[in-house]
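Residues per chain, in single letters:
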Amino acid sequence: MLPNFWENPAMSSENLQAAWDLLKEAYQYTVVGDYDMAVELYKRSLPLHHTAEAYTYLGWAYRYQGKLDEAIAECKKAIQIDPEFGNPYNDIGAYLIEKGEYDEALRWLERALHTRRYESYHFPHYNLGRAYMAKELYTKARYHFEQALKLVHDYPPAKEGLEKVRRKLQ
């Protein structure tokens, strides 16, 4: 399923339409795990029209290929285009957690919470919980897992994180 902002994008040119079509196709390849094809299609969409979404989702595909530094670089390009798009901030934070760079991750995840164009604020809360767990700051981790669950009541990763915190605090 495509994110809501792709349902009816305002199209003003042939290039923009072609870019969005490639972006939607690339997203589908990402979802099914064909990351090489997804990368190729995201890269083909960008010369037609630079979008924060294309850079962010190109980063997402790179992450699945194990290319975390490239993924972070693409997300930073997305932020340059649209600083209010929350996804790349969260994604950078998540990639930094994977790299074990928790303090740096916290900064990006906090920024994700303050963006205006974001549909999934539970993700940065969950990732903040993960980072604080890794730093053994369990009270802060609990707070963010609880915030994630307030936003999405049945979010299994946040439930699991909260249970881990409870065990640590017993």
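An account of the accompanying structure is given in this report. (Residues numbered from 1 in each chain as written. Predicted model: local features only at pLDDT ≥ 70, side-chain atom pairs only at ≥ 80, totals over all residues. Heavy atoms only, no water.)

## Some remarks on unusual backbone geometry
You will see that Glu 136, though not glycine, has its phi angle at about 60°, which is positive. Among the structural elements, Glu 136 can be located in the loop between α7 (122–134) and α8 (138–151). (Helix = DSSP H or I, 4+ residues; strand = E, 2+ residues; numbered from the N terminus.)

## Some points on the pattern of salt bridges
On inspection of all chains with the given rule, the structure shows 13 salt bridges. Linking Asp 21 and Lys 24 is a salt bridge whose minimum nitrogen-to-oxygen distance equals 3.9 Å. Remark: Lys 24 and Asp 21 occur in helix α1 (residues 14–32); sequence separation between them is three residues, near one turn of the helix. With relative accessibility at 26%, the residue Lys 24 sits in the partly exposed group. Ionic pairing is found between Glu 40 and Arg 44, a salt bridge with its closest N-O pair at 3.9 Å. Of the two residues, Glu 40 and Arg 44 both sit in helix α2 (residues 35–45), four residues apart, roughly one turn of that helix. For Glu 40, a relative accessible area of 42% translates into the label partly exposed. (Salt bridge = Lys/Arg side-chain N within 4 Å of Asp/Glu carboxyl O. Buried < 20%, exposed > 50% of the residue type's maximum accessible area, 1.4 Å probe, protein only.)

## Considerations on the environment of His 49
Along the chain, His 49 falls in the loop between α2 and α3 (52–64). Residues His 49 and Leu 151 lie 102 residues apart in sequence; the distance between their C-alpha atoms is 33 Å. If near-sequence neighbours (up to four positions away) are discounted, His 49 is found in contact with Asn 15, Leu 16 and Ala 19. (Contact = heavy atoms within 4.5 Å.)

Bear in mind that shape data such as this cannot, by itself, settle questions of function.
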